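Descriptive analysis of the structure
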Amino acid sequence: MTGHVSGGVPEKIIKLFIKSVFDVTSLSTQGIIIINLILLVAFIILGIRLKHKKGVFLAWLFIDVSIVTYYISILLMYLTAMPTDEALQLAGFERYASSMVIFAFGYMVMALAWVMDECLYEQILSKRNAKSYKTLLNKRLYQYATLVLAIYAVGMLLSENNSIVFNNNQETNKVSKELHKLTGNNMDSSKKRILVVTADKEHVDSFFVQYASRYYLWDVNVDARENFVQADKEFLELMKSYSNNATSYYLWNENIEARDDFTFTDKDFIAMLKTYDEVVILDDHYTFNALTKKLFGRTYAPGVYKTSDKKRILVVTADKEHVDSFFVQYASRYYLWDVNVDARENFVQADKEFLELMKSYSNNATSYYLWNENIEARDDFTFTDKDFIAMLKTYDEVVILDDHYTFNALTKKLFGRTYAPGVYKTSDILAGKG
């Protein structure tokens, strides 16, 4: 119990509460007015004309007393139990008041149905049939009223169903669906710092992504970001590798002058990632993946990723066929129980020292790696020492599956030793240790 018993806070809360209660634009207030109008009409017809005043009056009295009592309890809650900032805004008032309106409306329907049953001409249930009416006019009125109300009820059900379908198909709901798909039914609160990455600029700017993410992730420490644009040449080239349409949308669209962080640097990106525990990627994000490709050598599909807890592992193998088919990556992720696994087969260089080291293994190996028929299609033939070292630094461990010629030629050239099949820390490899 926090309480607001001094400093003029209670007076402010009471004034705002009274203003909200009598605000005719409020749905809850409109509901109460409609309920009382229905009861007034029912009292005139059922009470005065059909002489059943007591039933209608007692139902009317009970409903209004219940509403007043409930509203007083809401006010006491704001005065005694709510945090001050929430109480001064009457947080959740419409939701609380609407709950009482629904209860009152339900009770009214049941009470009036009971009174209307008492007004029927034949009171013995077993004797009621198609002839149990005082006059033929009453029978027709009953039949027509039943038909009209049945059509109205069916129309309301169809309208409600169509509204639900419409809301489910709204653009905002796609964000919710994707979040639910990635996070599941999360029922445990969290204090992790989470970044949500999405290309949906409209719903990031409107804070809908942040709102929905905090709901589905059960975490208040959630931010969302759509823009990871850089202006340097390497980034622009990586963007073009996706598609010219993507590049023009992110870099040269009509709103480019208004976009923030156009000079977003590598250091900014890494520093930002370090402030979060997890990253939730909702879609195939061009600029985010261009940056991760540039800095870490890989892109990320939609999913949930830890920024630091999981190891980054490189699997080294001479099995080109199964690296190209991604079988090595798939199997490695399964057996290593880690999604952050890449595989590589080709570490070819063209400089003289590398070629001499390759010849020290065997002429057959050299010819296979350097002059085989597929050499024009092989990537990274100009793989440099800096490229190799930078690549290693993006991983925590290296798993070597076989006696790999080009990998060992490079480690021999740079660190003075080769590596047999096994699991090695990258820090040890970079230091020339085993």
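Residues numbered from 1 in each chain as written. Predicted model: local features only at pLDDT ≥ 70, side-chain atom pairs only at ≥ 80, totals over all residues. Heavy atoms only, no water.

Here the focus is the sheet that holds strand β1 (residues 194–197). The pairing of strands in a sheet comes from backbone hydrogen bonds and takes either a parallel or an antiparallel form. In spatial order, the strands read β2-β1-β3-β4; together these 4 strands make up an open sheet with mixed pairing. Strands at the two margins of the open sheet, each flanked by one partner only, are β2 (222–225) and β4 (303–306). Mean inter-strand twist for the sheet, computed between neighbouring axes without regard to direction, equals 20 degrees. With 4 bridges connecting them, β1 and β2 associate as parallel partners. Opposite leucine 195, over in β2, you have aspartate 223 as the bridge partner. (Pairing = 2+ DSSP bridges. Helix = DSSP H or I, 4+ residues; strand = E, 2+ residues; numbered from the N terminus. Axes fitted to C-alpha atoms, helices over the stretch in contact; angles between N-to-C directions.)

Look at helix α1 (residues 9–21) against helix α3 (residues 53–80): their axes get within 10 Å of each other, and the N-to-C directions meet at 150 degrees. Crossing of α1 over α3 shows right-handed handedness. Judged by residue contacts, Pro10, Ile13, Ile14, Phe17 and Val21 of α1 engage Tyr71, Ile74, Leu75, Tyr78 and Leu79 from α3. (Left-handed = near helix turned anticlockwise from the far one by under 90°. Contact = heavy atoms within 4.5 Å.)

Another aspect to go through is the nonpolar core. Core analysis: the largest hydrophobic core is formed by 30 residues, its most contacted members being Ile13, Phe17, Tyr71, Tyr78 and Phe93. Every element with two or more residues in this core is listed here: α1, α2 (27–49), α3 and α5 (93–119). With 9 residues, α3 is the largest single contributor of residues to this core. Residues within four places of phenylalanine 17 in sequence aside, it is in contact with Tyr71, Ile74, Leu75, Tyr78, Leu90 and Phe93. Core analysis: the next-biggest nonpolar cluster, separate from the first, contains 19 residues, Leu314, Val316, Ile400 and Leu410 among them. (Core = buried A, V, L, I, M, F, W, Y, C linked by side-chain atoms within 4.5 Å. Buried < 20%, exposed > 50% of the residue type's maximum accessible area, 1.4 Å probe, protein only.)

Another aspect to go through is the environment of glycine 47. Note on placement: glycine 47 falls in helix α2. It is 7.9 Å that separates the C-alpha atoms of glycine 47 and phenylalanine 57, two residues lying 10 residues apart in sequence. In this view, glycine 47 contacts Ala42, His52, Lys53 and Val56; residues no more than four positions away in its chain are not counted.

Our focus in this paragraph is the sheet that holds strand β8 (residues 422–425). Reading across from one edge, β6-β5-β7-β8 is the order of the 4 strands in this open sheet, with mixed pairing throughout. This sheet does not close on itself; its edge strands, each paired only once, are β6 (341–344) and β8. Averaged over all pairs of adjacent strands, the angle between strand axes in this sheet comes to 20 degrees, irrespective of strand direction. In this structure, strand β5 (residues 313–316) lies alongside strand β7 (residues 397–400), joined through 4 bridges in parallel fashion. Across the sheet, isoleucine 313 pairs through a bridge with glutamate 397, a residue of β7. Most of the contacts of helix α15 (residues 327–336) go to β6, to which it runs at about 140 degrees, and overall it touches β5, β6 and β7.

A few words now on the packing of aromatic side chains. Taken as a whole and assessed by the stated rule, the structure comprises 15 aromatic pairs. Here the aromatic rings of tyrosine 300 and tyrosine 305 are separated by 5.0 Å at their centres, their planes lie at 80 degrees, and the arrangement is edge-to-face. Just as tyrosine 300 is buried, tyrosine 305 falls in that class too. In textbook terms, an aromatic cluster arises when at least three aromatic residues are bridged by ring pairs, as seen for Phe17, Tyr71 and Phe93. For the cation-ring pair, arginine 225 lies above phenylalanine 228, with the distance from its terminal atom to the ring centre recorded as 5.3 Å. Here arginine 417 stacks its cationic end above the ring of tyrosine 419, 4.2 Å away from the centre of that ring. (Phe/Tyr/Trp six-rings, centres within 6.5 Å; stacked < 30°, edge-to-face > 60°. Lys NZ or Arg CZ within 6 Å of the ring centre and 35° of its normal.)

Let us now look at the environment of leucine 282. Summarising the element assignment, leucine 282 is placed in the loop between β3 (278–281) and α13 (286–296). As for leucine 282 and glutamate 178, which are separated by 104 residues in sequence, their C-alpha atoms are 6.5 Å apart. The contacts of leucine 282, once residues within four sequence positions are left out, are Val175, Glu178, Leu179, Leu182, Val196, Val197, Thr198 and Pro302.

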